[in-house]
Each structure stands twice: as C-alpha cells, then as structure tokens.
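# Analysis of the macromolecular model
Here is what each chain is made of, one letter per residue.
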Amino acid sequence: MRDDYDFSKSTKNPYAKKLKKQVTIRLDEDTIEYFKDLAEKKGLPYQSLINLYLRDCAQSQKDLKIEWQ
C-alpha cells in the first residue's frame, strides 16, 4: 500500500445520485414476514424486494385509495 495517493485527476462519481439512502420506517410484523417469505422464494434479500416493489409503485404512479369505516 502506498503512503500517498494522487487524486488530482479524479472525477466525481457519476452514479452518486442513484445511490441508496438509508431510512427508518415502521412496518407491521406480518408485512415484513410476507416480504421475507416472498424474497426467500425469489432468492432476493427482502429489503431489495421491498425496494423493487416501492420503485414499481413510484414509477407507475400508483395511487392508494383509503376508505375509513
């Protein structure tokens, strides 16, 4: 390993805007179990599966209809 590195010709990461951001959300236990079971069947980490689902909702601009009874 070198003692010094030359970063004078370095460039910014062009993918920096696409990096994931860590957030904390509260989910029901049964919701988490649903995604964990589905992720295991699909061979994906459950957090990645939740992210894919939410991304699909955002891209297709799904609208949630809530009716209070």
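Residues numbered from 1 in each chain as written. Predicted model: local features only at pLDDT ≥ 70, side-chain atom pairs only at ≥ 80, totals over all residues. Heavy atoms only, no water.

### Brief notes about the packing of helix α1 (residues 29–42) against helix α2 (residues 46–59)
Quick note on the threshold: All axes here are fitted lines through C-alpha atoms, helices being fitted over the stretch that makes contact, and every angle between N-to-C directions spans 0 to 180 degrees. Helical segments are the DSSP runs of H or I of at least four residues, strand segments are the runs of E of at least two, and each set is numbered from the N terminus. Angular relationships are summarised with four words: roughly parallel below 35 degrees, roughly antiparallel beyond 145, roughly perpendicular across 65 to 115, and oblique for the angles in between. When checking whether two residues touch, look at their non-hydrogen atoms; a contact exists if any pair is within 4.5 Å. Gly is put with the polar residues, along with every residue not named as nonpolar or charged; the nonpolar set is Ala, Val, Leu, Ile, Met, Phe, Trp, Tyr, Cys and Pro, and the charged set is Asp, Glu, Lys and Arg.
As a packed pair, α1 and α2 sit with axes 8 Å apart at the nearest point and diverge in direction by 105 degrees. Here α1 is positioned roughly perpendicular relative to α2, judged by the angle of their axes. Residues Ile-32, Phe-35, Lys-36, Leu-38 and Ala-39 of α1 pack against Tyr-46, Leu-49, Ile-50 and Tyr-53 of α2. By residue class, the composition of the contact of α1 with α2 is eight nonpolar, no polar and one charged.

### Comments concerning the pattern of salt bridges
Inclusion rule: Any carboxyl oxygen of Asp or Glu within 4 Å of a side-chain nitrogen of Lys or Arg constitutes a salt bridge here. Accessible area is worked out with a 1.4 Å probe on protein chains only. A residue is then buried under 20% of its type maximum, exposed over 50%, and partly exposed in between.
Summed over the entire model, instances satisfying the criterion amount to one salt bridge. Residues Asp-56 and Lys-62 are paired through a salt bridge, measuring 3.8 Å at the closest nitrogen-oxygen approach. Look at Asp-56 and you get partly exposed, because its relative accessible area is 39%.

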